[in-house]
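The chain contents come next:
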Amino acid sequence: METAEIRRRWLRFFESTGHSVVPSAPLIYDDPNLLFVNAGMVPFKPYFLGQQTPQWKRATSVQKCVRTGDIEEVGKTSRHGTFFQMNGNFSFGDYFKREAVEMAWELLTTSQSDGGYGLDGERLWPTVFKDDDEAFDLWRDVIGVPADRITRRDENDNYWHMGVAGPGGPSSEIFFDRGPDYGVEGGPAVDEDRYMEIWNLVFMQFELSEVRSKADFDVAGELPARNVDTGMGLERIASLLQGVDNLYEIDEVFPVLDRAAEMTGKKYGVHSRHDAAHSHPDDVHLRVVADHVRSSLMLIGDGVTPGNEGRGYVLRRMLRRAVRAMRLLGYEDKALPELLPVSKDRMKASYPELEADFARISQIAYAEEDAFRRTLVSGTTILDTAVTRAKQTQASTGGQSPAQLSGAQAFQLHDTYGFPIDLTLEMAGEQGVQVDEPGFRRLMQEQRDRAKADAKSKKAGHGSTEVWKELRAAGATDFQAYQALSCEATVSGLVRDGALVEELGQGSTGQVVLDRTTFYAESGGQIADEGVIRADGALLKVLDVQRPVKGLIVHTVEVQEGALLKGATVEAEVDPEWRLSACQAHSGTHVVHAALRQVLGPSALQSGSYNKPGYLRLDFAWNQALSAETRSEIEEVANAAVRRDLPVSAAYMTLPQARELGALALFGETYDEQVRVVEIGGPWSRELCGGTHVQHSSQVGALTLTGESSVGSGVRRVEAFVGMDALRYLAAERALVAELSQLVKAQPGELKDRVGDLLKRVKDAERQVAELRQQHVLAQAGELVGQAKDVFGVRYIGHDAGELSGDEVRGLVLDLRGRLGDGAPSVVAVTGLSKGRPVVVVGTNPLAREWGIRAGDLVKVAASTLGGGGGGKPDLAQGGGSDAGKVGEALQRIEHTVGETVTAGR
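Quick notes on the rules
- Residues numbered from 1 in each chain as written.
- Predicted model: local features only at pLDDT ≥ 70, side-chain atom pairs only at ≥ 80, totals over all residues.
- Heavy atoms only, no water.
- Core = buried A, V, L, I, M, F, W, Y, C linked by side-chain atoms within 4.5 Å.
- Buried < 20%, exposed > 50% of the residue type's maximum accessible area, 1.4 Å probe, protein only.
- Contact = heavy atoms within 4.5 Å.
- Helix = DSSP H or I, 4+ residues; strand = E, 2+ residues; numbered from the N terminus.
- Pairing = 2+ DSSP bridges.
- Axes fitted to C-alpha atoms, helices over the stretch in contact; angles between N-to-C directions.
- Lys, Arg positive; Asp, Glu negative; His and termini not counted.
- Salt bridge = Lys/Arg side-chain N within 4 Å of Asp/Glu carboxyl O.
- Right-handed = clockwise from strand over helix to strand, strands pointing away.
- Phe/Tyr/Trp six-rings, centres within 6.5 Å; stacked < 30°, edge-to-face > 60°.
- Left-handed = near helix turned anticlockwise from the far one by under 90°.
- Nonpolar A, V, L, I, M, F, W, Y, C, P; charged D, E, K, R; others polar.

**Student:** Sorry, what's going on with the nonpolar core here?
**Tutor:** For soluble globular proteins, the rule of thumb is that nonpolar side chains tend to be buried together. Membership of the largest hydrophobic core comes to 110 residues, with the highest contact counts inside it found for Leu108, Trp139, Ile198, Trp199 and Ile237. Setting aside chain neighbours within four positions, we find leucine 108 in contact with Tyr117, Gly118, Leu119, Leu124, Ile174, Ile198, Trp199, Met232 and Ile237.

In structure tokens, the structure reads:
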């Protein structure tokens, strides 16, 4: 049974039992405690926390999830994967334990011909919380499972909570016995490879007042309503129904693994046992490739782009782990163009948007692989330098201990340059150098501990939202920003220093919650409105507006006059000029996005934006810089749309209706079932958006692009001014042109040619100066040849040439080497100073190379002294560094190394 069919059967079964089918939320979710959605219940968390009233009593979904806490275990077990899909059914105060257990058993054991999964009930092993007699009795007496197949387990296994104060309760898990080929007998408590967990039923019935650890918490009492939250791993049940050993071999994952095996010439599975814990290293690498390629596909599809922190770093790490695994399997060409399309073809049955968006997705992924391949080259150079230093250190101690890279060096390669530890170990070992792997692992653990501490602090910050939850419980804020700039409202809450107060006095700063507001709260890339709140005898300046919890709008204010009391009647007034400029910028963002797609094509999709009055920036998927002509064309298309005075409208509809209409969603945003679609000129620009906009495109005013740059692999950024800010920008440029025209005594239309002529003259002068300097340097060559030293039979010239470029130093080395001839071994080393940084070039003749003296080795020695790196061929090599004060020492070390090489050879 294909995974897509398993998915369909799940949704069909629970829809038939009265559950509303809820689409999967994006992997990026609006939750400060999560990088990604990591469980099926995450989109329903506001209902379980009591922050919102659910619109259904029963719901079901197949939720996209990503977990990265065990990324190092991927491929080594049958349980660990990064991207996975979680089938869930949820009850919000409706049914409870009995119905949850009965429905789970029915779907699992009903024959496939009758729409179920057809599992053998004799091989299912339920577990229950140790004190949950009710659940135990249900499995034994209602379902008929023998008591010896029902396992009681403690809080670590069968009790669920979020890790902070809030809802929790016992759980009942369902395991499937895969047979003796997968491990020992005895049930889930003995072997969780043989007994695979496929479904977890959480009975959420208690309010936890304090949570100290997974198994240590305080129960305050019963929840007002008892809820059910269940999760079945789609990949796990697929591995059972498809008769394969693990999730890497199911129909949605294995084709990538199979293609990787074909590319690398490996035979998957021939050297491994059934359980993934006893796998050949090649099989582990192939699984890593299959898992990470699929996970990267899904993350990029939901708007994540590679970066150095947060979600972007997770994606970058997975893409690079996949490429690295292919290298360890012996494949060094570009891999993703062969693998990513295979994953897309398997996943599009459940997620058809992947095919429609594949041009953008692949562009980002392939750019990241190209960047990593360059990183491998630079990392190799840095590693070679570190290895050389390690060998020199060993030699200076008489060779009594093996050459070793420190843990700090290995960690720097990994953390700063993205150079994997596996490659460091492999390549250092090839050169006979050990790596302090325990030291590296210690530093890695310290980094993880810091990350966990940061995550814990963020999770602890969840408690700081309690005040907002309390205010939200009294009712949602009536948001009137689309209809008006001012409104009368009542103060429903005041907060200062994180605590509820009755009054905000003059000079104080705090937060104000109103029952209704016309202020736009920051979201969707648009910053918050500015304005004032007036009350009887009080004036408050609004500094910021946010939504700390869904449905609640909070104004951060400074009390400039009087005092504000809770319950007071106020007038909320948005600054009209601010709002107009903000509308111009946000509508301008939509116009620029549409212009980009018209000029570059549909793959140039927005991946982020920011706009404030008069200014906008937009990030979009593209892997190369825009030419001046292309930028000009985009600007012209955008301004043409502004000039056409296109109507701007907004309409509410369901998310499926919006998708069917072709509305574009902003990556990184989460949307309710009802969404707002903003159109400019009908289908010309149609996007999901909650921002404020002008009524006609002409109100955007002038629009001028001011910059274009890269912000990551496969992502570019354009910036623009709109309205009066655009006119001011153009006026400043006009003034600059006038000033430059006056300086060079030319008309504005002649300015380009005049400046070009001046630049040509400067370049000609610089070239003449360089030629004269080179002639002067070469004139000294005869004198330098006469000063050549004899170093154990090698003619050696070591010279600091002073202010010379790398090319000039290289020319001098070649000239000197030629003058020395090939009658005896000779080595020439010359240093120079180019733009304040030292450069070193070394040349050797054939006889010197026969004696084992290589220019590349000598350059590495010198460059390490100068605080840099370098390399090259045995006959000619170049390097550099940052410490110009050590040029003399570098030349001495080259001479010393030449002597050591000769004496060692003898």
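**Student:** Mind showing me how you'd approach the pairing of strand β24 (residues 615–621) here?
**Tutor:** Where a strand is regular, its side chains alternate between the two sheet faces. Of all seven residues making up β24, six are buried, and the element is well covered by its neighbours. Where strand β23 (residues 606–612) folds back onto β24 in an antiparallel hairpin, the turn is made up of two residues, including glycine 614, whose phi is positive at roughly 85°. Relative to strand β29 (residues 715–722), β24 is paired through seven bridges, and the arrangement is antiparallel. Residue pairing across strands places aspartate 619 opposite arginine 717, the latter belonging to β29.

**Student:** Please explain the sheet that holds β29 as it appears in this structure.
**Tutor:** Whenever strands of a sheet pair, they do so through backbone hydrogen bonds, lying parallel or antiparallel. One open sheet holds the four strands; their spatial order is β23-β24-β29-β28, and the pairing between them is antiparallel. The open sheet is flanked by β23 and β28 (703–712), the only strands paired with a single partner. Neighbour-to-neighbour, the strand axes of this sheet turn through a mean angle of 15°, independent of strand direction. Together, β23, β24, β28 and β29 form the strand contacts of helix α17 (residues 576–600), whose direction differs from that of β24 by roughly 30°.

**Student:** Honestly, the side chain of arginine 817 in this entry has me stumped. Any pointers?
**Tutor:** Relative to the helices and strands, arginine 817 resides in helix α23 (residues 806–820). Aspartate 875 is the oppositely charged side chain nearest to the buried, salt-bridge-free arginine 817, at an N-O distance of 4.4 Å. Once residues lying within four places of it in the same chain are set aside, the contact partners of arginine 817 are Val828, Gly843, Thr844, Asn845 and Asp875.

**Student:** Quick question: what am I supposed to make of the side chain of histidine 593 here?
**Tutor:** Counting through the fold element by element, histidine 593 comes out in helix α17. Look at histidine 593 and you get buried, because its relative accessible area is 2%. Ignoring anything within four residues of it in the chain, the contact list for histidine 593 reads Ala604, Leu605, Gln606, Leu618, Leu664 and Glu687.

**Student:** Explanation requested: the pairing of strand β31 (residues 794–800) in the structure shown.
**Tutor:** Bridge count for strand β30 (residues 789–791) against β31 is three bridges, and the pairing is antiparallel. Within β31, the residue paired with aspartate 790 across the bridge is arginine 795. What sits between the antiparallel neighbours β30 and β31 is a turn of two residues, in which phenylalanine 792 has the positive phi angle 50°. Relative to strand β32 (residues 826–834), β31 is paired through six bridges, and the arrangement is parallel. Bridge pairing in β32 links tyrosine 796 to valine 827. In the classification by handedness, the crossover that spans β31, the intervening α23 and the parallel β32 is right-handed.

**Student:** Would you mind showing me how to read unusual backbone geometry here?
**Tutor:** The general pattern is negative phi for most residues beyond glycine and trans for most peptide bonds. Phi at aspartate 645 is positive, roughly 55°, even though this residue is not glycine. Within the secondary structure, aspartate 645 is located in the loop between α18 (628–643) and β25 (648–654).

**Student:** Could you clarify how one ought to interpret the pattern of salt bridges in this entry?
**Tutor:** Where charged atoms from two side chains of opposite charge approach closely, those side chains can pair. Summed over all chains, the structure comprises 46 salt bridges. As a salt-bridge pair, aspartate 357 and arginine 360 come within 2.7 Å of each other at their nearest N and O atoms. A single network of salt bridges, built from pairs that share partners, joins Glu210, Arg212, Asp216 and Asp218.

**Student:** I would appreciate a short explanation of the packing of aromatic side chains in the present structure.
**Tutor:** The description of an aromatic ring pair uses the distance of the two centres, along with the angle that the planes make with each other. The final tally for this structure, using the stated rule, is 25 aromatic pairs. Pairing phenylalanine 129 with tyrosine 159 gives two aromatic rings, centres 5.3 Å apart and planes at 70°, and the pair type is edge-to-face. With a gap of 30 residues between them, phenylalanine 129 in strand β4 (residues 124–129) and tyrosine 159 in strand β6 (residues 159–161) connect regions that are remote in the sequence. Tyrosine 159 sits in the buried class, given a relative accessible area of 7%. Among the aromatic residues, those joined into a cluster by ring pairs are Phe44, Tyr47, Phe48, Trp56, Phe90 and Phe92.

**Student:** I tried to follow the sheet that holds strand β27 (residues 685–688) on my own but got confused; where do I start?
**Tutor:** Taken in spatial order, the three strands of this open sheet run β25-β26-β27, and their pairing is antiparallel. Both outer strands of the open sheet, β25 and β27, are each paired with one neighbouring strand and no more. Between one strand axis and the next, the sheet turns by 25° as a mean value, whatever way the strands run. Bridge count between β25 and strand β26 (residues 674–680): seven bridges; the pairing is antiparallel. Residue pairing in the sheet places tyrosine 652 in a bridge with arginine 676 of β26.

**Student:** Would you mind going over helix α16 (residues 466–473) with me for this structure?
**Tutor:** One turn of an α-helix holds 3.6 residues; hence residues three or four places apart share an orientation. The complete set of buried residues in α16 reads Val467, Trp468, Lys469, Leu471 and Arg472. For α16, the secondary structure elements touched by its buried residues are β13 (486–496), β14 (499–501), β16 (509–514) and β20 (554–561). Positive phi shows up at glycine 475, right after α16, with a value of about 140°.

**Student:** How should I be thinking about the packing of helix α10 (residues 336–347) against helix α12 (residues 358–396) in this particular structure?
**Tutor:** With their axes 10 Å apart at the nearest point, α10 and α12 run at an angle of 145° to one another. You can see that α10 and α12 cross each other, and the crossing is right-handed. Across the interface between the two elements, Leu336, Pro337, Leu340, Pro341 and Lys344 of α10 pack against Phe358, Ile361, Ser362, Ala365, Tyr366 and Glu369 of α12. A class-by-class count of the residues in the contact of α10 with α12 yields eight nonpolar, one polar and two charged.

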